[in-house]
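Examining the three-dimensional arrangement
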Amino acid sequence: KAPRYLKEMEPPLSAPHGIEISDITCDSFRVSWDILPYDIHRITHYFIDLNKKGGQKENKFKHRDVPTKLVAKAVALPMMVRGHWFLSPRTEYTLAVQTAIKRSDGEYTVSGWSETLSFCTGDYAMEQVRQLQVKAEGIAGRMLPLQVFYRNQTPEYFQYVREKWGSVMLPSLKDQSGSHGSPISGTLHGVFFSCNTEFNTGHPPNDSPYGRWRLTVPAGHLFHEGTNLYFADFYCMYSAYHYVVLVLSPQGSQGDVFCNKRLPLLDPQDNPFLTRGEKGGYWHAQDLILEVLFTDPVPLGLGQLAEISGHQLMSLSTANAKKDPSCKVCNISGGR
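Residues numbered from 1 in each chain as written. Predicted model: local features only at pLDDT ≥ 70, side-chain atom pairs only at ≥ 80, totals over all residues. Heavy atoms only, no water.

So, on to the overall build of the protein chain. Of regular secondary structure, the protein chain possesses six helices and 22 strands. Classification of the 336 residues of the protein chain by burial places 45% in the buried group. Within the protein chain, counting contacts between residues at least 6 apart in sequence, those at least 24 apart form 75% of the total. If you sum the accessible surface of the protein chain, you get close to 17,200 Å²; carbon and sulfur atoms cover 53% of it. (Helix = DSSP H or I, 4+ residues; strand = E, 2+ residues; numbered from the N terminus. Buried < 20%, exposed > 50% of the residue type's maximum accessible area, 1.4 Å probe, protein only. Contact = heavy atoms within 4.5 Å. Areas by Shrake-Rupley, 256 points an atom, 1.4 Å probe, with all protein chains shown as cover.)

Structural data, given as structure tokens:
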């Protein structure tokens, strides 16, 4: 055993440098840094300080030997960080690290802090979207028949489509509504349609949150053998209603290529959300509000435009709507 005076003469731990963050997902990342040869065998623990950017002040150790963040036993680098943090997808974080030696009295001798790095977590991967799909399947309910997809908008919108876009509805960028980690928010272009029907009439409802004018398109014009159907999202907005977003993409189109790598492909004749029969006939889930994003331009001539008789229920609008993070029905554990 080394004499005490030799121990006290040991040089201090050097602060970690050359930090690199890699393999970032929606709820994990790897971190590594350079350690001087003399320190490698002395270090027993790593201290990691992780904060949401722009959130609370950086929660660095208030006292040199009182950790307020993750204390991890020293392992070979790069080190995987996940689970402890309940990391949120699409969120910017700052990270700094410190190395430490656990002393015989249970306290720590620590290095200085490294530089602080910033990074952003990723979108939900296919694994998390499938978890949402399983949750949605649990409440989809029985299937009801439908005949048309419909899109409600203001008269000004349809006038603009006629005058500026040659009577063709062009795909627009999906907004940030729904799950925070959704891989289609702010990335996929499409034209939104609804397809839910009234339980007692079998027809679309008379009310709409989006406008008094409605284009109805026969279901077979959009949902046919030449289109692929994908599950994209499941969410609620602090209410009893739950929404499912599906994507319809013409096979081989730009939208189809995008979705193929990121979203679960659904069997068009056998899924609990939206189906078509071999001999015609279309059905939708009764207990969900379905939003269908069609990823190619849609000519007005494919359907019929008419004014509806009901009210404009703004409370049901999903434009940039935030998902309820506390809902037990539509939230998943991976990537909060």
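Next comes the rest of the account.
Attention now goes to the packing of aromatic side chains. In the structure shown here, the tally under the stated rule is nine aromatic pairs. An angle of 80° between the planes, with centres 5.0 Å apart, marks the rings of Phe47 and Tyr108 as edge-to-face. Here Phe47, found in strand β3 (residues 45–52), pairs with Tyr108, found in strand β7 (residues 108–110); they are 61 residues apart in sequence, far enough to count as distant. Here Phe47 and Tyr108 have matching classes, each one buried. Aromatic pair Tyr157 and Phe158: ring centres 5.1 Å apart, planes at 75°, arrangement edge-to-face. Each member of the pair Tyr157 and Phe158 is classed as buried. Ring pairing ties together the aromatic residues Phe29, Tyr93 and Phe119, which thus form one cluster. (Phe/Tyr/Trp six-rings, centres within 6.5 Å; stacked < 30°, edge-to-face > 60°.)

Right, let's get into unusual backbone geometry. The linkage connecting Leu77 with the following residue, Pro78, adopts the cis geometry, with an omega of 5°. Looking at where Pro78 falls in the secondary structure, it is placed in the loop between β4 (70–73) and β5 (79–82). We note that Asp23 has phi near 50°; this positive angle belongs to a residue other than glycine. Here Asp23 is to be found in the loop between β1 (17–22) and β2 (28–34). Of note in the backbone geometry, Ser167 takes a positive phi value of approximately 60° without being a glycine.

As for its placement among the helices and strands, Gln251 is situated in the loop between β16 (242–250) and α6 (254–262). A relative accessible area of 44% means that Gln251 is categorised as partly exposed. For Gln251 and Gly226, which are 25 residues apart along the polypeptide, the C-alpha to C-alpha distance reads 5.8 Å. The contacts of Gln251, once residues within four sequence positions are left out, are Glu225, Gly226, Thr227, Asn228 and Asp256.

A few words now on the nonpolar core. Core analysis: the biggest nonpolar cluster contains 54 residues, and Phe149, Met169, Phe231, Phe273 and Leu274 have the highest contact counts within it. The greatest single-element share of this core, amounting to seven residues, is contributed by strand β15 (residues 227–236). In this structure, Phe149 is in contact with Phe193, Ser194, Cys195, Leu215, Thr216, Val217, Ala219, Leu222, Phe223, Leu248, Leu274 and Val292, ignoring residues within four places of it in sequence. One finds Val31, Tyr46, Ile48 and Tyr93 within the second-largest nonpolar core, a separate group that totals 21 residues. (Core = buried A, V, L, I, M, F, W, Y, C linked by side-chain atoms within 4.5 Å.)

Per-residue confidence for the protein chain averages 87 on the pLDDT scale, and 88% of its residues sit at or above 70. At the level of individual helices and strands, the protein chain shows its lowest average pLDDT in helix α1 (residues 4–9), which scores 54, and its highest in strand β17 (residues 265–266), which scores 98. Low confidence marks residues 58–68, where pLDDT is under 50. Its contacts with residues over four positions away, or in another chain, come to 24 contacts. (pLDDT = per-residue confidence, 0-100.)

So, about the pairing of β2. Side-chain positions along a regular strand alternate between the two faces of the sheet. Burial analysis of β2 places five of its seven residues in the buried class, the great majority of the element. The sheet contact formed by β1 and β2 spans four bridges and is antiparallel. Residue pairing for β2: Ile21 is matched across the bridge by Val31. With antiparallel pairing between neighbouring strands as the criterion, β1 and β2 make up a hairpin whose turn holds five residues, including Asp23 at a positive phi of roughly 50°. Where β2 meets β5, four bridges bridge the pair, whose relative direction is antiparallel. In the sheet register, Phe29 faces β5, and the bridge partner there is Val81. (Pairing = 2+ DSSP bridges.)

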